[in-house]
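Architecture and fold: a report
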Amino acid sequence: MDIPMTAPMDAAGDVAVHVRKLSFYYNQSQQALYDINMDIRRQKVTAFIGPSGCGKSTLLRCFNRMNDVILNTRMEGDILINGSDIYKEGVRLEALRKRVGMVFQRSNPFPMSIFDNIAFGPRMRGMKDKAVLGEIVERSLKQADLWKEVKDRLGKSALDLSGGQQQRLCIARTLANDPEIILMDEPASALDPISTAKIEETIQVLKEQYTIVIVTHNLQQAARCSDYTAFFYMGKLLEMNVTGRIFQKPSVKDTEDYITGKFG
Amino acid sequence: MGSDKHEKIVLLKDRFARYLITAGGVTVILSVAAIMLFIFIEMVPLFYAPEAAISSQWAAGQRLSPVAGMAVGADEYRETAFRLNETGAVDFLSLKTGEALKSIPNPALAGKKITAASRAVKSNWIAFGTADGMAGSTEVRFAADFSGAARTITQSVRNGEQLYQADPARRPVRIIAGALGEDGGIRIAAVKDDGGLVLLTAGESGDSNIAPASAGGARITALAMKSTGRQLIAGAADGMVYVFDIENGQPRTAENFKASAAGITALRFLNGDETLVIGDEKGDVAGWFSVRHIIAKNGGAKKMTLDRAHGIVLKPGEEREVIDRNYAGQRGADPDVSFAPAGMRYLKVRGFASHGAAVTAIAPSPRNKGFVTAAADGLTYHYITTGKSYPVAPQQDGKPLVAFAPKSDGIIALAGDGVLYDYALTAYHPDVTFNTLFSKVWYEGYPGPAHVWQSTGGTDEFEPKFSLWPLIFGTLKGTLYAMLFSVPIALLGALYLSQLAPVRLRNIVKPVIELMAAIPSVVVGFLAGLWLSPLMDRHLMAFFMVLFSLPAAWFVFVAIMWAVPWHKRPDISGHYELLYLLPVLAAGLGLGVALAPAVEAGLFGGDIKGWLYQAFTLAYDPRNCVVVGFALGFAVIPIIFTIAEDALTAVPPSLTSASFALAASRWQTAIHVVLPAASPGIFAAIMLGLGRAVGETMIVLMATGNTPIMDWSIFNGMRAMSAAIAVEMPEAPVGGSLYRILFLVGFILFIFTFAINTLAGLISNRLRRKYSRF
Ligand SMILES: Nc1ncnc2c1ncn2[C@@H]1O[C@H](COP(=O)(O)OP(=O)(O)O)[C@@H](O)[C@H]1O
Ligand SMILES: [Mg+2]
């Protein structure tokens, strides 16, 4: 194994996602990930950085099996969430995705009211009680720091919100599912600096309760809001460590080049 | 410089293109507007009320001779009028100049005086009675000659062979009615001075027979005879009406009924002999139809509701005479009720606007179901189908004689003061009103008011029935069954192809279905009418069986798949469902067809059609709505499918991903995210399909029996508006009621499609605003 596992291995109870020897192929043979091994810590923010096309999103999508939708893909290795293999036969995708929520790069609210957007997940799981749904909506919006802005227009279309608000709505929508892990794929890349700052604040609050994996292009962002950082390059995990260490003393030459802006 | 020139050319081209496009657009809009205008112009005269205006009036009493007139009439071109006067002579008067043309005396009546006369409906044959108890007939004839520069009309009179003695006591005949049989024989009914009624029958050979008719001693005040000479009606001073069958020359009382509280003063059969118009002393005018009755007997031990709509409930053992509304047919199998014929009974069907004074004369139109009544307060034109009355002229002095011109385009009236009036009657569509088009009408010969479309009969004695509901209903029915068949198939197909099918299959299936739209509808209609319809007729049971066996095979397949532990199940998720499903469906189909004869023999007595009729009185018509649903659906499916599929495919993957990421299943995603997001397109697809189904002509024309009935049964046909236009346009004389009504039907069809398209646009826009800003 040529990838140094620099992150200290704590007790298994501290690991939310355990990735073992993961390789991933598109179109049966086009390899996108090479033998990834990593542990993602519970209630910490882990940032994935690396140049475009290095496989960050692909790995993220493995965590909630969103890659299953894509035809002709193949995966080798294991992913254990809370110790159990999520690619085992008989795992229900809906149950997995309820536990592992995802926020996409481009905000994608449904063409429904704000309320219906947030209540979508619980409703799909059979929740009908208006009062309970109302509580969930309020809690989620508050967690995503959107409640104050939208509490008077819950019945209005979510499509009327600004880009930053829409993205926070998508976060709130994920929170309404009461997940354990939240995957965020460049959640702020399409937003203005103020909206980005708000999302980062939100992440800081959320990590008290949730395990967060965030893919970002923005190194400052990774430095600011993550506890751990993983650096990917050409489908390989080159280095993973406490964020401070990665940014100050990267142990791999490529990481240093990337961080100092020599490529990427 | 060069670039300057180039810019100019671009500008020029731009301007030219703009003008061309504008011109094209404006032309399209203008031609649509012009078509609408044309349809409108063609259809609007339907609703013009009939009008009569005086065209000429002459003091006939001075220009001819001062003797009294007994009957009047005119030639076909309303050039000459005639008057039968009390001496028996026929006087002719030019309606153009008022000049007395000639007077032809009747030698047989020399020295006699006519006291009663009655003119036939369709000819100028007149029956008369004299002051010395004789009765006879005469016929006024006009011959038009076109050989010269101008049309010349020669008048002649053909007097009856002989006079017959109506009253041996030689007292004056008071009232008379007659009919000229087709064999040349005549029937004349006369009321004698003593009030006695006699019927006189004379064959062409001159043999005659006289028979008394008994009206129970009532004083008879009016007579009417069917123009076929089969029935005689006598009205009495106490408002009673007596009906006699006189077919064999012996009057036989058929029925009596009280027609009015006041005395009957005028009676007449309308053209066609179906409607009896009764006028009374108070000025009331009413139309009566003869309707078949039956006696229904409740032989059971329970109360029986024979007809809820008409409140006919029979107590046990009760017998009642009711209008024959085909109860016997409907109750064929019920042993508790029995029916016996009760003959025909006159019923008052329509009342008209009353005169202010006693009705003195009724003149039926020789062309249609219109008639004119005369009273001291004037003349009124009525139409039996519509029940409408239109004043012709106020205040005619005294007791006018009235007659229609032969083309029903004028009314000739001779007032008591000897003035002859010629009215031009402008009644192009007296048989059409908004009500006759859209409400139930009680037509001649029907047991009650009904929506009927029966536009043409052989002769003008036929009453055209122009209710548009059967056609509108037909269009809706055909459309409904077509949509019932095509919407689920097209939408499920679109959902499958857009969401589940492998790309390769999609690339084949989609163009093939789009190609379906290119098949000319006449081919589809032909196949439906000449292949599918007889096929289904022969194998109806197999059709039913397949309806069940196909889904059943599918369910069994799915159930087996669920029962097999999933790791042992063949992997069919990789878009190979179709490969597995096809043989299963084929097996279902084969099984259904193979089992059909056995099931039919076992459960339905070997005859499913007979069983359907026995159990539900459902008659099976081979050209029925199943066939229409299939055929029309075939035309509609490609439209709905293509547009819906496009809409479903266009739903952005970001939405489905979001849904999956929120732990929704595939099915939930399809229902709660994909369908709503595609709903504007799906809705537009359905509406466009609907528009196509509503407007489609050839298929509904060929695949249905075109019977304009109002019955939702899937096992019989219908006549759609579009088909009615196509079928009936060739038989509609230009400018006639049917012709204009067909334009109206076209207009309604346009309103339908216009409404559908507008609605589709509006709703689809709303949905789009709601769902499509991603
Ligand atoms: N749906 C797909 N089909 C085929 N190749 C894909 C697909 N998605 C991503 N890839 C390829 O996989 C590699 C990794 O992509 P990705 O995970 O999106 O990178 P990142 O998120 O780090 O920019 C890239 O080379 C990309 O072209
Ligand atoms: Mg990415």
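Calculation rules
Residues numbered from 1 in each chain as written. Chains lettered and ligands numbered in written order. Predicted model: local features only at pLDDT ≥ 70, side-chain atom pairs only at ≥ 80, totals over all residues. Heavy atoms only, no water. Helix = DSSP H or I, 4+ residues; strand = E, 2+ residues; numbered from the N terminus. Rg over C-alpha atoms; globule rule 2.2 N^0.38 Å. Buried < 20%, exposed > 50% of the residue type's maximum accessible area, 1.4 Å probe, protein only. Contact = heavy atoms within 4.5 Å. Areas by Shrake-Rupley, 256 points an atom, 1.4 Å probe, with all protein chains shown as cover. Lys, Arg positive; Asp, Glu negative; His and termini not counted. Charge placed at Lys NZ, Arg CZ, Asp CG, Glu CD. Expected span 1.5 Å × (residues − 1). Buried area = accessible area lost by both parts, 1.4 Å probe. Salt bridge = Lys/Arg side-chain N within 4 Å of Asp/Glu carboxyl O. Polar contact = N/O pair within 3.5 Å; in protein donor to acceptor, adjacent residues only side chain to side chain. Pairing = 2+ DSSP bridges. Axes fitted to C-alpha atoms, helices over the stretch in contact; angles between N-to-C directions. Phe/Tyr/Trp six-rings, centres within 6.5 Å; stacked < 30°, edge-to-face > 60°. Lys NZ or Arg CZ within 6 Å of the ring centre and 35° of its normal. Domains from an automatic or database assignment. Nonpolar A, V, L, I, M, F, W, Y, C, P; charged D, E, K, R; others polar. Core = buried A, V, L, I, M, F, W, Y, C linked by side-chain atoms within 4.5 Å. Near = heavy atom within 4 Å.

Here we come to the overall build of chain B. Per the secondary structure count, chain B includes 16 helices and 34 strands. In terms of overall dimensions, chain B is more spread out than a globule: its C-alpha atoms have a radius of gyration of 36 Å, far above the 28 Å expected for 774 residues. Within the span of chain B, comprising 774 residues, buried residues form 49% of the whole. Here the contacts in chain B between residues at least 6 apart in sequence split such that 60% fall between residues at least 24 apart. Counting every atom, chain B has about 36,200 Å² of accessible surface; 62% of that belongs to carbon and sulfur. Across chain B, 66 positive and 61 negative side-chain charges occur, with their mean positions spaced 8 Å apart.

Right, let's get into the overall build of chain A. Tallying secondary structure elements over chain A gives 10 helices and 10 strands in all. In summary, chain A has a C-alpha radius of gyration of 18 Å against a globular reference of 18 Å for 264 residues, a match within 12%. Principal-axis analysis of the C-alpha atoms places the extent of chain A at approximately 55 × 45 × 35 Å. Within chain A, the fraction of its 264 residues that count as buried is 54%. Sequence-distant contacts, at least 24 apart, represent 68% of the contacts inside chain A between residues at least 6 apart. For chain A, the exposed area adds up to about 11,500 Å²; of that, 50% sits on carbon and sulfur atoms. Positive and negative side-chain charges of chain A, numbering 35 and 32 respectively, have mean locations separated by a distance of 2 Å.

So, about helix α7 (residues 521-538) of chain B. Residue and element names in this part refer to chain B. Here α7 is 18 residues long and its end C-alpha atoms lie 24 Å apart, about the 26 Å a rise of 1.5 Å per residue gives. Within α7, the full set of buried residues consists of Ser521, Val524, Gly525, Ala528, Gly529, Leu532, Ser533 and Met536. Contacts made by the buried residues of α7 are with α8 (540-563), α11 (625-649), α13 (666-695) and α14 (698-703).

Each side of the interface is counted separately: chain B has 20 residues, and chain A has 26 residues. For the chain B and chain A pair, buried surface summed over both sides reaches about 2,000 Å², with 68% attributable to carbon and sulfur atoms. Inspection of the chain B/chain A interface yields 0 salt bridges. Our count for the chain B to chain A interface comes out at 3 residue pairs in polar contact (both at pLDDT 80 or more). Looking at which element gives the most residues to the side of chain B that touches chain A, the answer is helix α12 (residues 653-661) of chain B, with 7 residues.

Residue and element names in this part refer to chain A. Taken together, 6 strands build an open sheet; the order of strands is β6-β7-β8-β3-β9-β10 and the sheet is mixed. With one partner strand each, in any of the chains shown, β6 (100-103) and β10 (236-242) form the two edges of the open sheet. Taken over all neighbouring pairs, the strand axes of this sheet differ in orientation by 15° on average, direction set aside. Where strand β7 (residues 181-185) lies against strand β8 (residues 211-215), 5 bridges are found, and the strand directions are parallel. Looking at the pairing, Leu183 lines up with Val213 of β8. Strands β3 (45-49), β7 and β8 of the sheet are contacted by helix α7 (residues 193-206), whose axis makes an angle of about 150° with β8.

Okay, the packing of aromatic side chains next. What the rule picks out here adds up to 31 aromatic pairs over all chains. Considering the side-chain rings of Phe604 of chain B and Trp611 of chain B, the 4.5 Å spacing of their centres and the 65° angle between planes classify their relative orientation as edge-to-face. Given the relative accessible area of 17%, Phe604 of chain B is considered buried. Clustering of aromatic rings is evident, with ring pairs tying together Phe47, Phe434, Phe438 and Trp469 of chain B. It is Arg173 of chain A that lies over the ring of Phe110 of chain A; its NZ or CZ is 4.6 Å from the centre. Sitting over the ring of Tyr77 of chain B, Arg151 of chain B keeps its end group 4.0 Å from the ring centre.

This part is about the domain arrangement of chain B. Residue and element names in this part refer to chain B. Taken domain by domain, chain B holds domain 1 (51-284 + 355-426), domain 2 (291-345), domain 3 (432-467) and domain 4 (469-734 + 759-771). Between the C-alpha centres of domain 3 and domain 4 the distance comes to 36 Å. Each partner contributes to the interface: domain 3 provides 8 residues, whereas domain 4 provides 9 residues. Buried surface at the junction of domain 3 and domain 4, both sides included, amounts to about 680 Å², of which 59% is carbon and sulfur. Here domain 3 is connected to domain 4 by 0 salt bridges. Counting the contacts that link domain 3 with domain 4 gives 5 residue pairs in polar contact (both at pLDDT 80 or more). Across the side of domain 3 that touches domain 4, the residue classes break down as 4 nonpolar, 4 polar and no charged.

Counting 62 residues, the largest nonpolar core has Phe110 and Phe120 of chain A together with Leu632, Ile640, Phe641, Leu648 and Val700 of chain B as its most contacted members. If you tally residues by element for this core, the top one is α11 of chain B, at 14 residues. Counting residues in each nonpolar core, the second largest holds 40 residues, with Ile136, Leu146, Ile171 and Met184 of chain A among its members.

Residues and elements named next belong to chain B. In this fold, Arg268 is placed in strand β19 (residues 264-269). One buried charge, Arg268, has no salt-bridge partner; the nearest side chain with opposite charge is Asp273, at 8.2 Å. Residue contacts for Arg268: discarding those within four places in its chain leaves Arg119, Ala120, Val121, Ala224, Thr275, Leu276, Val277, Ile362 and Pro364.

All names here are of chain A. Neighbouring ligand 1 are Tyr26, Gln30, Ala32, Ser52, Gly53, Cys54, Gly55, Lys56, Ser57, Thr58, Arg61 and Ile70. Contact distances for ligand 1 include 3.2 Å between a nitrogen atom and a side-chain N or O atom of Tyr26. With respect to ligand 1, the side chain of Ser57 contributes an N or O atom lying 2.5 Å from an oxygen atom. In isolation ligand 1 exposes 560 Å². Once the protein is present, 65% of that is buried.

Right, let's talk about the environment of Cys225 of chain A for a bit. Residue and element names in this part refer to chain A. When you line up the elements, Cys225 lands in helix α8 (residues 219-225). Assessed through its relative accessible area of 3%, Cys225 is described here as buried. Once the C-alpha coordinates of Cys225 and Thr46 are considered, the two residues, 179 residues apart in sequence, prove to be 8.9 Å apart. Discounting residues that sit within four places of it in the chain, Cys225 has contacts with Val45, Glu200 and Gln204.

Here the focus is the pairing of β19 of chain B. Residues and elements named next belong to chain B. Within β19, 5 of the 6 residues are buried, which leaves the element mostly enclosed by the surrounding structure. Relative to strand β20 (residues 275-280), β19 runs antiparallel, the two sharing 5 bridges. In the sheet register, Ala266 faces β20, and the bridge partner there is Gly279. Where β19 folds back onto β20 in an antiparallel hairpin, the turn is made up of 5 residues, including Gly272, whose phi is positive at roughly 105°.

Residues and elements named next belong to chain B. Pairing is antiparallel across the open sheet formed by 4 strands, whose spatial order is β11-β12-β13-β14. The open sheet has two edge strands, β11 (173-180) and β14 (208-213), and neither has a second partner. For this sheet, the mean angle separating the axes of adjacent strands, direction not counted, is 20°. When β11 meets strand β12 (residues 186-192), the two strands line up antiparallel, connected through 7 bridges. Bridge pairing in β12 links Ile176 to Ala190.

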